[in-house]
Amino acid sequence: MRDMILRWFIILCLPSLPVLAQYRSLPTRDRTNGDRTTAAIRTVIQQETASVAEVLAKERTVGMATIVSSTGYLVTKASLLQGDFSIRLANGKLFKTPQFVADSDEDIALIKIPAADLHPVRWADSSGLKSGHWIAGFEPTPQTLRIGIISANRRTIERIGGIMGVQLGMDGEEIGGIQIDVVYPKSGAESAGLKENDILVSINGVSVLERELLRKAVMAHDPGETLDVGLRRDDQTMTFQVTLGDRDAILDDLNNDLDFSGETSKRRSGFGEVIQHDAPIGARGMGGPLWSLEGTVYGVNIARYDRVATYAIPSERVQQMIEHLKPRLEP
């Protein structure tokens, strides 16, 4: 009898099924990047927004920049700086076509704008970061706080290089170049207008007759770079401007991470050492700071790889590169 009463007591105290159903998933506001979670650190990070600027091309935000000196120096992702660009500070002030120098090995650029009394970031020691450590970053326009954790061990990301997006056929002197058998959809080759059975004859004005020469000529350049591709079609010689793409994005159609990643960085490889984290910062957030929860900076975000992985250059390496590049901008 006592056991029966206890069982009925437990049943009566349990929530109804509709009440239980609402707990099958965590409410959005309570998730990692929900309102209540981000509010816990927004006050600290929000005080540092003056250390972040936007990189604009054709009046569109393409990335972010990190202010590293009160006298007008900023760093950003170098491959974002294609053609004319501008820097817009948090106070709205705009600087068109500023000076910059780049380190192509690490995809970092140092920019100089004619400004003073800027609010530089405060660097943090990133050497002690381990998997599970909390970090934060910003997405631009408007600046939206994103939170995540360190998700992998620090490591080198091997350089892959870009691809045109074609499958090659016969080559050699007898056909005067390299035949295209397949043009992959959504590739730079397709966008530029290359077609099956075209004969590739040159890259940036240098003759190519064999596929190995072509491979080396193309892979010496990164995704996002544009090459002058000479070809022969129906006895006519033509030149096309082909923007190289990322190998994984073009060839790996079964990569679900890429399918659901949104916009990823055009250059996602070739970094000496990176911090990997899972904060959901899009490609336009690259070049911005990787924050600690105390408002100091562990590094600079350099590549959005896929939906669960973003790379950042560690603070110690960024500072070394600043000192290396700065003399090239000083009078």
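Everything discussed here concerns the structure shown above.
Keep in mind that this is a model prediction, so the values were computed, not measured.

(A) How the structure looks around the sheet that holds strand β2 (residues 60-67). Strand order in the open sheet formed by 7 strands is β5-β4-β1-β2-β3-β7-β6, and the pairing between neighbours is antiparallel. For this open sheet the edge positions go to β5 (94-96) and β6 (99-103), each flanked by a neighbour on one side alone. Across the sheet, the mean angle separating the axes of adjacent strands is 30 degrees when strand polarity is ignored.

(B) Summary view of the layout of surface pockets. Of the voids in this model, the second largest pocket is the one considered here, and its volume is about 300 Å³. Lining the second largest pocket are 15 residues, with I163, V166, L168, R215 and R247 sitting closest to its centre. Those elements that place two or more of their residues in the lining of the second largest pocket are β11 (166-172), α5 (211-219) and α6 (247-251). Looking at which element gives the most residues to the lining of the second largest pocket, the answer is α5, with 6 residues. The class makeup of the residues in the lining of the second largest pocket is 9 nonpolar, 2 polar and 4 charged.

(C) View of unusual backbone geometry. Not every positive phi belongs to a glycine, and T97 is a case in point at roughly 40 degrees. Inspection of the secondary structure puts T97 in the loop between β5 and β6. In this structure, D117 takes a positive phi of about 60 degrees despite not being glycine. Position of D117 among the secondary structure elements: in the loop between β7 (108-112) and β8 (134-139). Judged by its relative accessible area of 75%, D117 falls in the exposed class.

(D) Seen up close, the pattern of salt bridges. Enumeration over the complete set of coordinates arrives at 12 salt bridges. Here R122 ties to E48 by a salt bridge, and the two come within 3.3 Å at their closest N and O atoms. Taken together, the residues R122 in the loop between β7 and β8 and E48 in the loop between α3 (35-46) and β1 (52-57) connect sequence positions 74 residues apart. Given the relative accessible area of 40%, R122 is considered partly exposed. For E48, a relative accessible area of 6% gives the class buried. Taking the shortest distance from any N to any O, the salt bridge between D222 and R267 comes out at 3.5 Å. Taken together, the residues D222 in the loop between α5 and β15 (226-233) and R267 in the loop between α7 (256-259) and β17 (271-277) connect sequence positions 45 residues apart. Exposure remark for D222: the relative accessible area of 10% places this residue in the buried category. Connected through shared salt-bridge partners, R159, D222 and R267 make up one network.

(E) Representation of helix α8 (residues 315-325) within the structure. Considered for burial, the residues of α8 that qualify are S315, V318, M321, I322 and L325. Mapping the buried residues of α8 onto a view down its axis gives an arc of 120 degrees, with all of them on the same face. In α8, the exposed residues that point more than 90 degrees away from the buried face are E323 and H324. Close packing links the buried residues of α8 with β3 (73-77), β6, β7, β19 (297-306) and β20 (309-314).

Quick notes on the rules
Residues numbered from 1 in each chain as written. Predicted model: local features only at pLDDT ≥ 70, side-chain atom pairs only at ≥ 80, totals over all residues. Heavy atoms only, no water. Pairing = 2+ DSSP bridges. Helix = DSSP H or I, 4+ residues; strand = E, 2+ residues; numbered from the N terminus. Axes fitted to C-alpha atoms, helices over the stretch in contact; angles between N-to-C directions. 1 Å grid on protein atoms, 1.4 Å probe; cavity = no way out; pocket = protein on both sides within 12 Å on 5 of 7 lines; lining within 4 Å. Points joined across faces, edges and corners; volume = space filled by probe spheres on them. Nonpolar A, V, L, I, M, F, W, Y, C, P; charged D, E, K, R; others polar. Buried < 20%, exposed > 50% of the residue type's maximum accessible area, 1.4 Å probe, protein only. Salt bridge = Lys/Arg side-chain N within 4 Å of Asp/Glu carboxyl O. Arc of directions from axis to C-beta. Contact = heavy atoms within 4.5 Å.

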